[in-house]
Amino acid sequence: MDFSLTEEHIMIRDAARDFAQTELLPGVIERDNKQEFPQELVRKMGDLGFMGIMVDPKYGGSGMDAISYVLIMEELSKIDASASVIVSVNNSLVCYGLEAYGNEDQKQKYLTKLATGEFVGAFCLSEPEAGSDATSQATTAEDKGDHYVINGTKNWITSGGRADVYLVIAQTDRAKGHRGINAFIVEKGTEGFHIGPKEDKLGIRGSDTHTLQFNDVKIPKENRIGEDGFGFKFAMKTLSGGRIGIAAQALGIASGAYELALKYSKERKAFGTEICNHQAIAFKLADMYTEIEAARMLVMKAAWDKDQGNNYDMSSAMAKLYASKVAMEQTVEAVQIHGGNGFVKEYHVERLMRDAKITQIYEGTSEIQKIVISRGVIKG
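Small disclaimer: the values here were computed from a predicted structure and weren't measured. (Residues numbered from 1 in each chain as written. Predicted model: local features only at pLDDT ≥ 70, side-chain atom pairs only at ≥ 80, totals over all residues. Heavy atoms only, no water.)

### Considering empty space enclosed by the protein
Counted under the stated rule, the structure contains one cavity of 30 Å³ or more. Computed from the structure, the largest cavity encloses a volume of approximately 50 Å³. If you go around the largest cavity, the residues you meet are Val 28, Arg 31, Asp 32, Asp 80, Ser 82, Gly 206, Arg 351 and Asp 355. Among the elements that take part in the lining of the largest cavity, helix α2 (residues 28-34) stands out by supplying three residues, more than any other. Here the residues of the lining of the largest cavity sort into one nonpolar, two polar and five charged. (1 Å grid on protein atoms, 1.4 Å probe; cavity = no way out; pocket = protein on both sides within 12 Å on 5 of 7 lines; lining within 4 Å. Points joined across faces, edges and corners; volume = space filled by probe spheres on them. Helix = DSSP H or I, 4+ residues; strand = E, 2+ residues; numbered from the N terminus. Nonpolar A, V, L, I, M, F, W, Y, C, P; charged D, E, K, R; others polar.)

Okay, structure coming up:
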């Protein structure tokens, strides 16, 4: 078992860390306050290859592995989880879905632009009554022979207002249940496709989250991904990889909060010495470091499984379940170590605490991860 990173991985991690510190950190509090989408920063991340990390270079991607992906995600998430979730969705859900299951025409038309950051992608599965229960799709796609007509509503869509390309999951034949679901590529600006108001969120406030309305949206047959009825399998396969991205995001939020807490504990004095010298704080730091390292091992194992071609359904679910729990718990501890300053925006940890919560909810709640894991355990 080799736990060391290659020289290439270290270079990739350091490049992501440098970008996060020099480009994401300035203005991150202001973007959070204003709920401002980091449009220019997304373009820069595209220039660095962060928007198509694992995509084959022939489609404009960086051709990196999943380990590189989680290293980049962790470093970005330490500073700005709003920026990192844009990267995660574009990579894990949109680019991966198109590269793995799209046809060559779809890849040439859409993937080449998504992988370079020229386009931003959105993944549209959740609905008002179909969040965790992805089989209950109320959005319909009626087969009209040479095209489909989509009607319905999608909720909580990351990059919903800024995306250029949307992968939309819809029910074509309700009698077939999950086998009657399809996935479609919808372009922004298509007639009948409307973007609702921006959500006012607890965390990841710089990320654009919207409700989307589809009113008789006409989509050509060639925009269906895979064979008829492939949509549910497409969504589930894609989400397994997405969990690795969100697990890495949670890891980054936790490790970013820990680094701030450690630094602060070495500067803040109480009772005549730096607070890190008090056992109450020192033990908190010890617990934080241990929990974060345990989460890192699970995240890296899931990424390694993906790189090795192993089934990563369970390892990605375990990574997301545990890393999101660690993110929530350790950001709370980071605020506690900062004391009153932890409640103040300029010290960053209160934002990380707010950002942490969503990692237990999106791309499969913690409860859904437990269903995935328990089924794997019982099945053996």
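Back to the write-up after that little detour.
### Some points on unusual backbone geometry
In this model, Ile 204 sits at a positive phi of 35°, which is unusual for a non-glycine residue. With relative accessibility at 4%, the residue Ile 204 sits in the buried group. In this structure, Phe 271 takes a positive phi of about 55° despite not being glycine. Tracing the backbone through its elements, the reader meets Phe 271 in the loop between β9 (269-270) and β10 (273-274). The exposure class of Phe 271 is exposed, given its relative accessible area of 82%. (Buried < 20%, exposed > 50% of the residue type's maximum accessible area, 1.4 Å probe, protein only.)

### A word on the UniProt feature "domain: Acyl-CoA oxidase/dehydrogenase middle" (unreviewed entry) in the protein chain
The sites that UniProt annotates as "domain: Acyl-CoA oxidase/dehydrogenase middle" (unreviewed entry) are residues 122-217. Helix makes up 0% of residues 122-217 and strand 50%, whereas the separation of the span's terminal C-alpha atoms amounts to 17 Å. (UniProt positions renumbered as here; feature names shortened; annotations may be inferred.)

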